[in-house]
Amino acid sequence: MSTATKNKPAKKSDSGSIKLQPLGDRVVIEREESETKTAGGILLPESAKNKPARGKVISVGDGRLLDDGTRQKLQVKVGDRVLFSSYAGEQFKVNDQELLLMREDDILAVIE
């Protein structure tokens, strides 16, 4: 008589993360959390919250390719807090984390 053993699925490591390297003059941004309370102390439901137009730069590309074949260095760097237009970039999800991929031109300012 033979016994059947159940194969255990491989556990996914929580510490394992995907490294994103944007191309050209693109940057990956993690959007800041939206406010849950108004200045007057009123709690906001999910449907009433606006997506903030601020975030932290997670990854940057090599820079824009110029006509002479050289690359123009980006003005933002990893770790910068930035302000961007509300409709900028493409939103995507990696490991339950919502990120934005946008061109450097869509970034309006660096917050210091």
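Colleague: Would you mind going over the sheet that holds strand β8 (residues 107-111) with me for this structure?
Modeller: Across a sheet, strands are paired by hydrogen bonds formed along the backbone, either parallel or antiparallel in direction. Taken in spatial order, the six strands of this open sheet run β6-β7-β1-β2-β5-β8, and their pairing is antiparallel. The open sheet has two edge strands with one neighbour each: β6 (90-94) and β8. On average, each strand axis in the sheet is tilted by 40° relative to the strand beside it, whichever way the strands run. Here strand β1 (residues 26-31) runs beside strand β2 (residues 54-60); their pairing, made up of five bridges, is antiparallel. Its bridge partner being in β2, V28 is matched across the sheet by S59.

Colleague: What is the right way to look at the side chain of D80 in this model?
Modeller: Here D80 lies in the loop between β4 (71-72) and β5 (81-84). D80 gets classed as buried once you look at its relative accessible area, which sits at 12%. A polar contact is formed between the side chain of D80 and the backbone nitrogen of K77, at a distance of 3.0 Å. Sequence-distant contacts of D80, defined by excluding residues within four places in its chain, comprise G55, K56, V57, Q75 and V110.

Colleague: Explanation requested: the nonpolar core in the structure shown.
Modeller: Ranked by size, the top nonpolar core spans twelve residues in total: V27, I29, V57, V60, L74, V76, V82, F84, A88, L100, M102 and I107. The set of elements that each furnish at least two residues to this core consists of β1, β2, β5 and β7 (97-103). If near-sequence neighbours (up to four positions away) are discounted, I29 is found in contact with G55, K56, V57, I58, V82, F84, L99, L100, M102 and I107.

Colleague: For this particular structure, what's the right way to read the environment of G24?
Modeller: On the secondary structure map, G24 appears in the segment before β1. Taking the relative accessible area as the measure of exposure, G24 reaches 21% and is therefore partly exposed. Spatially, the C-alpha atom of G24 lies 6.9 Å from that of L65, the residues being 41 residues apart in sequence. Among all residues touching G24, those that are not within four sequence positions of it are G61, D62, G63, R64 and R71.

Colleague: Would you take a moment to explain the pattern of salt bridges for this structure?
Modeller: Oppositely charged side chains are able to pair whenever their charged atoms sit close together. Counted according to the given criterion, the structure contains four salt bridges. Between D25 and R103 there is a salt bridge; the shortest N-O distance is 2.7 Å. Placement of the pair is D25 in the segment before β1 and R103 in strand β7, with a sequence separation of 78 residues. You can call D25 buried: its relative accessible area is 7%. Residue classification places R103 among the partly exposed positions, given a relative accessible area of 36%. Linked by salt bridges that have partners in common, E32, R54 and R81 make up one network.

Cut-offs applied
- Residues numbered from 1 in each chain as written.
- Predicted model: local features only at pLDDT ≥ 70, side-chain atom pairs only at ≥ 80, totals over all residues.
- Heavy atoms only, no water.
- Pairing = 2+ DSSP bridges.
- Helix = DSSP H or I, 4+ residues; strand = E, 2+ residues; numbered from the N terminus.
- Axes fitted to C-alpha atoms, helices over the stretch in contact; angles between N-to-C directions.
- Buried < 20%, exposed > 50% of the residue type's maximum accessible area, 1.4 Å probe, protein only.
- Polar contact = N/O pair within 3.5 Å; in protein donor to acceptor, adjacent residues only side chain to side chain.
- Contact = heavy atoms within 4.5 Å.
- Core = buried A, V, L, I, M, F, W, Y, C linked by side-chain atoms within 4.5 Å.
- Salt bridge = Lys/Arg side-chain N within 4 Å of Asp/Glu carboxyl O.

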